[in-house]
Structures are given as C-alpha cells and as structure tokens.
Amino acid sequence: NAQYDTMMNGAGLNPAPWTSTRDSFGLSLPQGNLVIPFPGDTSRYYLFHETCDDYGVTFSALKLYYSVIDMTLDSGRGAVTQKNIVLLNDTLIEGRLTACKHANGRDWWLVAHKYNTNIYYKWIITPHGILGPATQAIGSVRDNYFGQCAFSPDGNRYAYYEPIGQDLDIMNFNRCTGDFDSLVHVSINDTANAGGMAFSPDSKVLYVSSTYYVYQFNLDTVNIPATMITVAVWDGFQAPIGTAFYLSQLAPDGKIYINTSDGSLVMHVINYPDSIGLSCDVQQHSIVLPTYNAFTIPNYPNYFLGRDTGSVCDTLTGVQSIEAEVRSIKVFPNPVTDNGFSISYMLPQNKKGVLEIFNTLGEKVLSENLAPWSTVHRVNASKLSSGIFILRIISGNTTSSVKFIKE
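Residues numbered from 1 in each chain as written. Predicted model: local features only at pLDDT ≥ 70, side-chain atom pairs only at ≥ 80, totals over all residues. Heavy atoms only, no water.

Caption draft 1: Structural view of the confidence of the model for the protein. In the predicted model, the protein carries a mean pLDDT of 93, and the fraction of residues at 70 or more is 98%. Segment residues 319-324: pLDDT under 50, and 19 contacts once partners within four positions in sequence are set aside and those in other chains are kept. (pLDDT = per-residue confidence, 0-100. Contact = heavy atoms within 4.5 Å.)

Next up, the structure:
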C-alpha cells in the first residue's frame, strides 16, 4: 500500500511451489501482473496475475488469476477483497499480459497467449463483470522465451517480440471487435537471448530492445520491415555486471525506459522516441537506480485512452471524455528550488503539448515540448531566478495554467 507495507489480505498471491521460492526477490516474469480499474468505479481494481506453474518442464503458467482491490478499505490504504480467483485453466505463456481500452472508452480488452501456439485469449472487462474468453489464431507460434508484447498508445496496433524463435509480429487491432489483422512479420535474426519492445507516444514508431541492440521501425509506411535501423549498440557498461538491453516501457513522461536482464543499478532511456533515426537519442545507463533491478519492469497500458469517436462502438452515453481540455496541472514541490520540479497533467487525447513558463513581466523564460499521452514532466529550474512564475500548457486549441514560486 502507500505506506510500503503489505496491503490488507494482500499476501499469498499465485499459490505454487515456484512462487514460494521467490519470496525474497519477487517473480521474475515479464509482464506477469496487470492492474485494470473497474469500469465505472474509481475505487476498485482488478489485479490479473500469474506464476510459473510448470517450472522445469514447459515453464508455463497453468492458471490466470485475478484479485480485487478496494481502495476505500483500511482507511484509504486499500484491501484485497477477492484473491487468486482462477479466470482460466490452460497452458499459457508466462506473463505477457496486456490490455487496451475498448472503443467505447469505458470497457477494457485483456489479452493473454496460449503456450506453444499462435492462439490469443481475449476477455472484455465491463461494469457487469469479465466476459469471455474469445480466441484468435494469428501470427507466430510462441514459446516461453524472454520477450515482450504491447499495444500502441492509440490502441490501433499490437506487437509481440521474442528474439529466440519467431522474432517480431506487428498487427492492427480493432478496439470494437477485439480482432487482430494485417499481420506484418519481421525476421531480425540477431544473437539476442532476451528482448523487449515499446511504441512511441505518437504510435508511429516501434522500438525493439534486443540484448546488444536497439532497433527502430517506422510504422507510418507501407514496408515496415524495410525501415529497420539500429539506433543503439550496447557499449559493454557494467553496473556492477553487464547492462545489456532487455524490457522496454513507454513511461508517463513520454520517454521509453529499458531495463537490464541481470541485476544492475542502471536503466537506459530513449529521450525522444517520436523522432526518426538517431535523433531519438538513446542514452545508455543514464538512469541511476537506488537499488538493484532485474528481469521485470512496470507493466501498464494507456489508462488515458478515450473512446474511438465516430466508430460503431462509440455508443455509450455519460462516458467522460478526456479530449476537451488540459486537466488540472499540479506542480510539486511548490515552492521549487534549483533541484527542479515535476508537473502532472492530462493532455487532450492523442495531442502533443507545449509547456511555457512566464515571469511576472510576461516574458517567456522557458519552452519545452510535451509528448502525446504523457502525464508527467520534469522541469530544470536551475536557470530560473527567484520569484513568481506562470506555467502554461498549450495543446491544440486548449490552454491551462498554474502559478508557482521559485525560492
């Protein structure tokens, strides 16, 4: 919970022998947990989770569980009200759980993969419960190799990468029907034994982090495989052991972070993932961590994706849209110091933003771009003098501002 303690009734997830051996470290499953809010309920959440049930044989998950969290309980710290409910009994790829907002802007699609097949399981999460699963056979046969999958921020594409076996599949996704189509397969065929992938904030660029290389693909073209370029080669840095590339995650600040496959004290970052070519700016081992991290990285979908306006599924009434305005800018800390400050905000759906800071004379003293779908941003305040400032965010035809003080 928010006090860094086990949530009430929160112990004992994923009952299995392998789970009990990982008490000190956590489960080393890529995308083994996923949190989805109850549609229409701001206080309850589903936690979907797995473990490695068939350790030493297929290394598969034999159950997909869910648990329910109610944040109104335990004085607002939250409590688990249902735990280890089996959603599916089958032989599944361990982890690789992903989700995407339904085109109605309220419900969710949850996706898992059947082991040693090309079959996807798909559920719809609605205010009336979890419906499904439906199945679809498409793309490559997948094994329990070390890979990653994700939906694009706009929900219109899905990609799955694993370096050993079948490499990269890219597909279109219909948020109304839940169907995948227009499969594009890319054979990378490098020497990687683990890897990940992530989409850019504008959903037009795909990155593959493949042990020793980071590849970039331009999705805004007909021949996607032909656009593959190498934007980074691992430089051999040790912290304290090798920091080769592994899983990737698009973060709320519009950057892509890449972890390492072995325990290390650093992460890599792609600072401008919307940019084509080396201008995307891959900075290796530039993020210093306060402790060791290995094997996993936060796994979250685009929680701010709205309805698909004008589609046949855009039929709900009373569903709040995030398209109209920039929402409630918050500055923290405030007053700020030379160490800088962070802001949180919500941009209109799929819109880029511009951050501007003005002094009391109305002079613009800082201007920075904000990525689509981003919700947090860090500002360097070292060049600002002491005084009162106005921070303004412009996105499309909408503007919002907030006042802050520099000490």
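Caption draft 2: Seen up close, the sheet that holds strand β7 (residues 117-126). Strand order in the open sheet made by the four strands is β5-β6-β7-β8, with antiparallel pairing throughout. Only two strands of the sheet have a single partner each, and these edge strands are β5 (98-101) and β8 (129-142). Put simply, the sheet's adjacent strands are angled 25° from each other on average, direction ignored. Pairing geometry for strand β6 (residues 108-113) and β7, over six bridges, is antiparallel. When the bridges of β7 are listed, Trp109 appears paired with Ile124. (Pairing = 2+ DSSP bridges. Helix = DSSP H or I, 4+ residues; strand = E, 2+ residues; numbered from the N terminus. Axes fitted to C-alpha atoms, helices over the stretch in contact; angles between N-to-C directions.)

Caption draft 3: How the structure looks around the sheet that holds strand β9 (residues 148-151). The antiparallel open sheet is built from four strands, whose spatial order is β9-β10-β11-β12. For this open sheet the edge positions go to β9 and β12 (180-186), each flanked by a neighbour on one side alone. On average, adjacent strands in this sheet sit at an angle of 15° to one another, irrespective of strand direction. Where strand β11 (residues 167-173) lies against β12, five bridges are found, and the strand directions are antiparallel. Its bridge partner being in β12, Asp169 is matched across the sheet by His185.

Caption draft 4: Up close: the state of the cysteines. Enumeration over the complete set of coordinates arrives at one disulfide. Between the sulfur atoms of Cys176 and its disulfide mate Cys313 the distance is 2.4 Å. Placement of the pair is Cys176 in the loop between β11 and β12 and Cys313 in the loop between β20 (282-293) and β21 (327-337), with a sequence separation of 137 residues. Take Cys100: it sits in no disulfide, and the sulfur closest to it among the cysteines is that of Cys176, at 11 Å. For Cys100, a relative accessible area of 3% corresponds to the buried category. (Disulfide = S-S within 2.5 Å. Buried < 20%, exposed > 50% of the residue type's maximum accessible area, 1.4 Å probe, protein only.)

Caption draft 5: Quick look at the pairing of β8. Alignment of β7 against β8, held across eight bridges, turns out to be antiparallel. Pairing of Thr126 across the sheet is with Gly129, part of β8. In this antiparallel pair of consecutive strands, β7 and β8, the connection spans two residues.

Caption draft 6: Structural detail: the packing of aromatic side chains. One pass over the structure, following the stated rule, counts 20 aromatic pairs. When the ring of Phe151 is compared with that of Phe180, the centres are 6.3 Å apart and the planes differ by 20°; the resulting orientation is stacked. A residue pair is termed long-range when its members are at least 10 positions apart, and Phe151 in strand β9 and Phe180 in strand β12 qualify at 29 residues. Joined through ring pairs, the aromatic side chains of Trp109, Tyr120, Phe151, Tyr158, Phe173 and Phe180 make up one cluster. (Phe/Tyr/Trp six-rings, centres within 6.5 Å; stacked < 30°, edge-to-face > 60°.)

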